[in-house]
Amino acid sequence: MPIKTNKYRLADIVPMLDVSEATVRRMIEEQGIVPDRVPAGSTTRPVYSLEQILQLAKSKRHRGKVKFKRPLVIAVYVPKGGVGKSTLSNEFTAELTLQGYNVMAIDLDDQASLTVMNGFQPDEVADAGKPNQWLVKHTLLNALYPANGEKTTLPLSEIIVKPYGEHGPKLVPADITLGELGYRLAIQPNREQFLRNWISAHADSDLKDIDIILIDNAPSTSVVSRASIVAADLLLIPVRLDALTVKSLSFLANELTGLSESQLPIPQVVAVPNFFKANNSRSARVMSALQRSFGDDVPIAPHVGESERFPRSLMHDIGHELEEVLPVTFEGWTRALERQHEEIRNVCKFVMNIAEETFARGETPGLFDDAPESRRATN
Ligand SMILES: Nc1ncnc2c1ncn2[C@@H]1O[C@H](COP(=O)(O)OP(=O)(O)OP(=O)(O)O)[C@@H](O)[C@H]1O
Ligand SMILES: [Mg+2]
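Now for a look at the structure at hand. As the structure is a prediction and not an experimental result, all values here were calculated from the model. (Residues numbered from 1 in each chain as written. Chains lettered and ligands numbered in written order. Predicted model: local features only at pLDDT ≥ 70, side-chain atom pairs only at ≥ 80, totals over all residues.)

### Comments concerning the site of ligand 1
The local shell around ligand 1 holds 18 residues, among which Gly81, Gly84, Ser86, Thr87 and Pro219 are the closest. The element best represented in the shell around ligand 1 is helix α4 (residues 85-98), accounting for 3 residues. Class assignment for the residues of the shell around ligand 1 results in 5 nonpolar, 9 polar and 4 charged. (Near = placed C-beta within 6 Å. Helix = DSSP H or I, 4+ residues; strand = E, 2+ residues; numbered from the N terminus. Nonpolar A, V, L, I, M, F, W, Y, C, P; charged D, E, K, R; others polar.)

Below you can see the structure in the form of structure tokens.
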């Protein structure tokens, strides 16, 4: 499989799962996990696979966690290319999985960066002599609309892929055929609410075991990105601190105002500063543009620093091997990656705190509540 297979020591697993060593040992025993052994001097020491770590992470599920009544929907979007939407979607999916949530990532960009980051080859076609499990067969389009000549849509179970095995995050992959979703939605009544309604309608069936749906969007403004915004409880906007993103931020703020004026539910926005570099003279200007566009309503998450260690989405096009693809979050906690791990984790904790504050506290636990008025009242 094109995903790199690492071996992890017990000392790696402890910070990954964010629990004590004693707890990890207990979980390993409870789950009946048997490690491989590798030579270490005159003896051997145990090493674990990512799949085994993900099995442990899954056993953390719901332990002291908020149980949402339906999946929490997080959209990652800003109408600006190359700001880190797919990179952050990929890392947050991995980190939230390590925290014990059942995460389903949806690649809603027909350019399919997130799909590539997960080891898939959306541009390859089937070759009869060469079976390839990393081809993309279906996208979200097939869950929303029947294929030509068919009467029914595909169940999610036939669409999702599990790049890291049974216990890892699920991915609804994308390829260029997803481009048709825009045409379909354009002639759809209630098109802005279509994805939101679809998620509600499937909350007790296809999506029953999902805690968090994380949607990576294309940079363009379209009926698809609008449907994704309206479907979302939280909208994460990566803000690239080393580029001038002033216009795209105010454009997005206007878009949200427009949706809200049309009585459509709008998500709680959270800004995620990305490409942070100390002493960057542009950062202050970008942050004040953010404030000007969104006022004080938008919490600003801890930043993610600039780092060459994030997998590049189009790696296989630039001569790298797909074996290198693994989110930083799923790499061992070596000293070299400690900062990146901490930053991703801090953003995820910040975001989940906001989700809990916004939707889980108080008398109306918002998550099943579609009325924009009561949604706002819980904020
Ligand atoms: N914090 C970071 N430090 C360094 N490089 C980063 C960081 N975040 C993202 N990148 C890199 O920037 C490039 C663009 O990132 P990414 O594809 O995630 O952006 P995007 O917003 O999804 O782009 P698009 O609009 O094309 O979908 C990638 O090569 C990625 O590896
Ligand atoms: Mg992208």
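After that view, the rundown keeps rolling.
### Re the packing of helix α10 (residues 246-261) against helix α11 (residues 281-294)
To characterise two packed helices, one gives the angle between the axes of the helices and the distance between these axes. The geometry of α10 relative to α11 is characterised by a closest axis approach of 9 Å and an angle of 20 degrees between their N-to-C directions. Compared by their axis directions, α10 and α11 come out roughly parallel. The handedness of the crossing between α10 and α11 comes out as right-handed. Every residue of α11 that contacts α10 at Val246, Leu249, Ser250 and Ala253 is listed here: Ala289, Leu290, Ser293 and Phe294. Here the residues of the contact of α10 with α11 sort into 6 nonpolar, 2 polar and no charged. (Axes fitted to C-alpha atoms, helices over the stretch in contact; angles between N-to-C directions. Parallel < 35°, antiparallel > 145°, perpendicular 65-115°, else oblique. Left-handed = near helix turned anticlockwise from the far one by under 90°. Contact = placed C-beta atoms within 7 Å.)

### With respect to the nonpolar core
Core analysis: the largest hydrophobic core is formed by 90 residues, its most contacted members being Ile74, Ala75, Ile237 and Val272. For this core, the leading source of residues is helix α12 (residues 338-359), giving 6 residues. Both of domain 1 (1-60) and domain 2 (66-378) provide at least three residues apiece to this core. (Core = buried A, V, L, I, M, F, W, Y, C linked by C-beta atoms within 7 Å. Buried ≥ 20, exposed ≤ 12 C-beta atoms within 10 Å, placed from the backbone. Domains from an automatic or database assignment.)

### Quick word on the packing of helix α8 (residues 194-202) against helix α9 (residues 223-231)
Orientation of α8 relative to α9, taken along the N-to-C sense of each, is 45 degrees, at an axis distance of 7 Å. Classed by the angle they form, the pair α8 and α9 counts as oblique. In contact with Phe194, Leu195, Arg196 and Ile199 of α8, α9 contributes Ala227, Ser228, Val230 and Ala231.

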